[in-house]
Amino acid sequence: MLLEDERRALCAVGRRLAETGLVTGASGNVSVRSGDLVAVTPGGMMLDRMRPEDCPVVNLDARLVDGDRAPSSETPMHLALYEETPAAAIVHTHSTYGAVVATTMTELPPIHYNTLLLGGVVKVAEYATYGTPELAENVRAAMAGGKRAALMANHGGVAIGRDLDEAFENARLLEWLCGVYVRAKTIGEPRILTDEQLAKVVERGLAPPEFPPV
């Protein structure tokens, strides 16, 4: 079985996403890249019920090279991000607070300095139907410039990482930041950190880890 270890890792992350509430049912999808191959979660299957053999493997042209199940409908978005970024793993969620922000905002403002760990202000990609090339291109644009996460209008969120654990943690951080913003709005207008304030945090050494050379 091609990429057996990677497919097992997809199943483990799928269970973590369900346990933490970042996905519900068959929503969301995950992938991990190894060279010119990508193991991805299957379409229409609950992420906490996957087995390694359920996870198909595609090449960078989206051609199925191993597995019996169809890849996630969002595979075009994953492949676009692997082309745009040096990511080795991608996590797409339908988390509650991420979806709330994604339906109301054009970006998630920097209300906490940990926004820097995601590459700065999180952009909301313009809406397009799920699984389409248009959505893939919109997300690619939102992630340009070294971003580690983005929101997708009226949809959810996506995060990348050097490996699956990092992509998962970035997805969890994105949801936390969205949750802080939404809760803050219920009691007042959130204070937004200025560029100068963020620059001082960067001077103290807070920055996302560098991706290794592709």
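Up top is the structure.
Residues numbered from 1 in each chain as written. Predicted model: local features only at pLDDT ≥ 70, side-chain atom pairs only at ≥ 80, totals over all residues. Heavy atoms only, no water.

**Student:** Break down the sheet that holds strand β8 (residues 149-152) for me, citing the residues and quoting the values.
**Tutor:** If you trace the nine strands from one edge of the open sheet to the other, you get β4-β3-β2-β1-β5-β9-β8-β7-β6, paired in mixed fashion. The open sheet has two edge strands, β4 (64-66) and β6 (107-108), and neither has a second partner. Note that strand β1 (residues 29-34) and strand β2 (residues 37-40) share four bridges and pair antiparallel. What sits directly across from Arg33, in β2, is Val38. Sheet strands touched by helix α2 (residues 75-84): β1, β2, β3 (57-59), β5 (89-93), β8 and β9 (156-161). Its angle to β1, the strand with the most contacts, is close to 40°. (Pairing = 2+ DSSP bridges. Helix = DSSP H or I, 4+ residues; strand = E, 2+ residues; numbered from the N terminus. Contact = heavy atoms within 4.5 Å. Axes fitted to C-alpha atoms, helices over the stretch in contact; angles between N-to-C directions.)

**Student:** Describe the pattern of salt bridges, and please don't skip the residues or the numbers.
**Tutor:** Summed over the entire model, instances satisfying the criterion amount to 14 salt bridges. A salt bridge links Glu137 to Arg140; the shortest N-O distance between them is 3.2 Å. Residue Glu137 and its partner Arg140 are located together in helix α4 (residues 133-143), separated by three residues, close to a single helical turn. What emerges from the salt-bridge pattern is a single network uniting Arg16, Asp165, Glu169 and Arg172. (Salt bridge = Lys/Arg side-chain N within 4 Å of Asp/Glu carboxyl O.)

**Student:** Quick one: what's the story with the pairing of β2, residue by residue and with numbers?
**Tutor:** Remark: two residues form the turn of the hairpin made by β1 and β2, two consecutive strands paired antiparallel; Gly35 in that turn has positive phi of roughly 65°. Direction of pairing for β2 relative to β3: antiparallel, over a ladder of three bridges. Paired with Ala39 across the two strands is Val57, which belongs to β3.

**Student:** Account for helix α3 (residues 96-104), naming residues and giving values.
**Tutor:** When we look at burial in α3, the residues that qualify are Gly98, Val101 and Ala102. The arc that holds every buried residue of α3, seen down its axis, measures 100°, which confines them to one face. Turned more than 90 degrees away from the buried face of α3 sit Thr96 and Thr104, all of them exposed. (Buried < 20%, exposed > 50% of the residue type's maximum accessible area, 1.4 Å probe, protein only. Arc of directions from axis to C-beta.)

**Student:** I'd like a description of the pairing of β9, backed by residues and values.
**Tutor:** Counting buried residues in β9 gives six out of six residues, a clear majority hidden from the surface. Of the two faces of β9, the one holding Gly156, Val158 and Ile160 and the one holding Gly157, Ala159 and Gly161 are both buried throughout. Judged from the five bridges that link them, β5 and β9 form a sheet pairing that is antiparallel. Its bridge partner lying in β9, Val91 is registered against Ala159. Between β8 and β9, which follow one another and run antiparallel, lie three residues, and Asn154 among them has a positive phi close to 55°.

**Student:** Which residues make up the nonpolar core, and what are the values?
**Tutor:** If you look at soluble globular proteins, the nonpolar side chains tend to sit buried side by side. Grouped together as the largest cluster of nonpolar side chains are 38 residues, with contacts concentrated most on Leu17, Val30, Leu108, Leu151 and Leu174. Those elements giving two or more residues to this core turn out to be α1 (4-19), β1, β5, α3, β7 (122-125), β8 and α5 (164-185). Sorting elements by how many residues they give to this core places α5 first, with ten residues. Beyond its immediate sequence surroundings of up to four residues, Leu174 is in contact with Leu108, Leu118, Val122, Ala149, Ala150, Leu151, Gly157 and Val158. (Core = buried A, V, L, I, M, F, W, Y, C linked by side-chain atoms within 4.5 Å.)

**Student:** I'd like to hear about unusual backbone geometry, residue by residue, with values.
**Tutor:** Look at Leu3: it is not a glycine, yet its phi comes out positive at around 50°. Tracing the backbone through its elements, the reader meets Leu3 in the segment before α1. Backbone geometry at Asn154 places phi at a positive 55°, although glycine is not the residue there. Topologically, Asn154 is positioned in the loop between β8 and β9.

**Student:** Before we move on, can you summarise the side chain of His78 with the specific residues and values?
**Tutor:** Mapped onto the fold, His78 is located in helix α2. A polar side-chain atom of His78 sits 2.7 Å from a polar atom in the side chain of Ser31. With residues up to four places along the chain from it excluded, the contact list for His78 reads Asn29, Val30, Ser31, Ile90 and His92. (Polar contact = N/O pair within 3.5 Å; in protein donor to acceptor, adjacent residues only side chain to side chain.)

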